[in-house]
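Structure at a glance
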Amino acid sequence: MAAATADVFLITETWLTSSIHDSEVVPVGFTMLRTDRGGVRRGGGVAVAASPRYQLHRIDVTSSLADSGCELVCAGLYHNNNLLLVVLCVYIPPNAKDEMYETVFTEIESVLPKYDRFLICGDFNLNSANTNIRIRFEYLLSFCDLQQINCVCNSAGGMLDLVLVNASLSQITVRKEEDWLVPPDDYHPPLSIQVSDMFVHNKCVGSNVDSAVFTGWNFKKADFCNLYRFFENTCWDSIYEISDPDEAVSVFYKIIKDCINNCVPIKLRLSEPPRYIYPVWYSDCTKRNIKLKAYHHRCYKKNGNVHNRQEFMRLRAMVKLNIKEDFQIYKNKVESNLRRDPSTFWRYITSKRRVKKSEVILSEGKPLSDEDGAQLFAQYFRSVYANNPPILNADEAIAVAGSESLRVHIDAISLDDVELAFRRLNAKCSAGPDGIPPYIVKDCKSVFLKPICYLFNLCLSKCIYPEVWKISRVVPIPKGNSKSDVSDFRPVAILSTFGKLFESILHFLISKQLQNRLTDCQHGFRPGRSTATNLLSFWTYVTDAVDCGSQVDAAYFDIKKAFDSVDNDVLLHKLSAAGFSPLLTKFFSNYLRNRRQFVQYNGSYSEPYYTYSGTT
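1. Observations regarding the packing of aromatic side chains
Taken as a whole and judged by the stated rule, the model has 38 aromatic pairs. Ring geometry for Phe456 against Phe502: centres 4.3 Å apart, planes inclined by 5°, an arrangement best described as stacked. On the criterion of sequence distance, the pair formed by Phe456 in helix 14 (residues 445–462) and Phe502 in helix 15 (residues 497–514) is long-range, its members being 46 residues apart. According to the relative accessible area criterion, Phe456 is buried, its value standing at 0%. Relative accessible area serves as the criterion here: at 0%, Phe502 is assigned to the buried category. By the ring-pair criterion, three or more aromatic residues cluster together here, those being Phe456, Tyr465, Trp469, Phe502, Phe580, Phe587, Phe588 and Tyr591. The ring of Phe508 carries Arg424 above its face, with NZ or CZ at 5.0 Å from the centroid. Positioned over the ring face of Tyr591 is Arg595, at 4.5 Å from the centre of the ring.

Right, here's the structure in full:
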């Protein structure tokens, strides 16, 4: 596009100083991020500017890079609060020291894997660098899967300005720009970069479940510092003005997802398995050398260049040595941290065992695809529930129970109740259907405390449980060694994190009011009691009976799918008879109504189905 209509400008050697304001450089409405050259030296400096159509947010770099002497700006380019790509503008002075190049390359290698789409532009002055730095630059391209796509040479036939992109930016073109902003430098011709698929990446990945289920974000590449900063600066006032629970929860999720979209890329499924799969003890240096070794091997096979063959042989010997050193370091670390981190030790033991083939679900002796397998699991798990929806008539349950035994009521949920639930939340659990991991919710509990407390109290006062929290993700877990039939698996339902918090608070407040009405013979689902205490109590009774010469008969029952087959109408009547107030009975009537599940199997999702019975 012409310079006059361009949306983003990347400028190297700005020569700007602190005495020059941004408004003197860019038009009104433009956002500008810049790094000026410090000290008494003139020249240098880089800047990134974006039109009002986009937003720029600076991505912090390490202090070592800021002190290295080069100028660099790393920023996220956003549109409607969605991250489009990360741009990096860099200027390295001529005849720079090797340490400066190494610092810049290392920083790029650490920042780039966090994001899916990356664009690097700048004056690297590689023509004045030595051979080792040029080899290190090839190493950078290989490790980060970058391509240099600028083919515009300067008046001397050289190329000082480079344009590097990763594989996700597939539709991008670079050409010489004839519409100048300023008279061009003979050694630095102005470049026009056009990205054709800029908005494709931000379209939400489709799902065959419904709007309550999100495909997920790639939190391994998240910018957590900016994410938590977004949460801290978020205004929740719009939620407090809404009186409908479903609408309020919807706005609450929209705010959270907007913050996450700013700092976390969407998780994409690979159409084919990754080319390189490394053991857990391989260091980043070893992985880079392996990729660089493969790069020189490909070049030698293609061109027969002796230099590539020598580099390949050198790197092959280096990789062997690095692997031995990495393994020894990893083994020493596992041994020294055995007591503090036993899970790492057992992961290592598991990796040394014989690898088992992944389970294949069969139907009539034929293997099924992941999509068909998810549907077959859903059909099997659904079969244990009631076929017809319950009536859940709260008024009838209240009338039958009467008002003489009212004992259980929740007037309101306090901030202390919510804070206690946050402390009890297991941060290591999996994310629910909303895709928000529990550790993020727990880390930001001070931010979520007040809006969550308002939402919970709004739900109680309106006797409505939000629909978005009524859906759960079901993961099939194998029961034993056989994994070829759906009956060999048991379902594990995973709820949304905020739904878990709400249920945890309700359980805590209700159980406190019902403890006195429970018999001491009840050991299940009570704090401080378990199957161990149940067996100990039974053993004491049997021992006393045998000592007295009495006979003891024991009958054991195992009811198939006991919790999944509970009649919800009967359950509601029992809750009301147990002393639940009319308001709480109506709330649980809505809580049990229209609950749904969907099955996730190997990354594929089934259609959602209703659970008309059970105690989910």
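2. Some words on the sheet that holds strand 3 (residues 46–50)
The sheet built from three strands is open, its strands ordered 1-3-2 with antiparallel pairing. Only two strands of the sheet have a single neighbouring strand rather than two, namely strand 1 (8–12) and strand 2 (31–35). Averaged over all pairs of adjacent strands, the angle between strand axes in this sheet comes to 10°, irrespective of strand direction. Relative to strand 3, strand 1 runs antiparallel, the two sharing five bridges. Bridge assignment links Phe9 to a residue of strand 3, and that residue is Ala49.

3. A word on a positive patch on the surface
A cluster of basic residues, Arg309, Arg316, Lys320 and Lys324, forms a positive patch on the protein surface. Its place among the elements puts Lys324 in helix 8 (residues 306–336).

4. Digging into the environment of Pro476
Secondary-structure assignment places Pro476 in strand 14 (residues 471–478). Between the C-alpha atom of Pro476 and that of Ala374, which follows or precedes it by 102 residues, the distance is 9.2 Å. When near neighbours in sequence (up to four residues on either side) are disregarded, Pro476 contacts Phe377, Phe381, Phe489, Arg490, Val599, Gln600 and Tyr601.

Rules of the game
Residues numbered from 1 in each chain as written. Predicted model: local features only at pLDDT ≥ 70, side-chain atom pairs only at ≥ 80, totals over all residues. Heavy atoms only, no water. Phe/Tyr/Trp six-rings, centres within 6.5 Å; stacked < 30°, edge-to-face > 60°. Helix = DSSP H or I, 4+ residues; strand = E, 2+ residues; numbered from the N terminus. Buried < 20%, exposed > 50% of the residue type's maximum accessible area, 1.4 Å probe, protein only. Lys NZ or Arg CZ within 6 Å of the ring centre and 35° of its normal. Pairing = 2+ DSSP bridges. Axes fitted to C-alpha atoms, helices over the stretch in contact; angles between N-to-C directions. Patch = residues over 30% accessible without salt bridge, like charges linked within 9 Å, V, L, I, M, F, W, Y side chains within 5 Å. Areas by Shrake-Rupley, 256 points an atom, 1.4 Å probe, with all protein chains shown as cover. Salt bridge = Lys/Arg side-chain N within 4 Å of Asp/Glu carboxyl O. Lys, Arg positive; Asp, Glu negative; His and termini not counted. Charge placed at Lys NZ, Arg CZ, Asp CG, Glu CD. Contact = heavy atoms within 4.5 Å.

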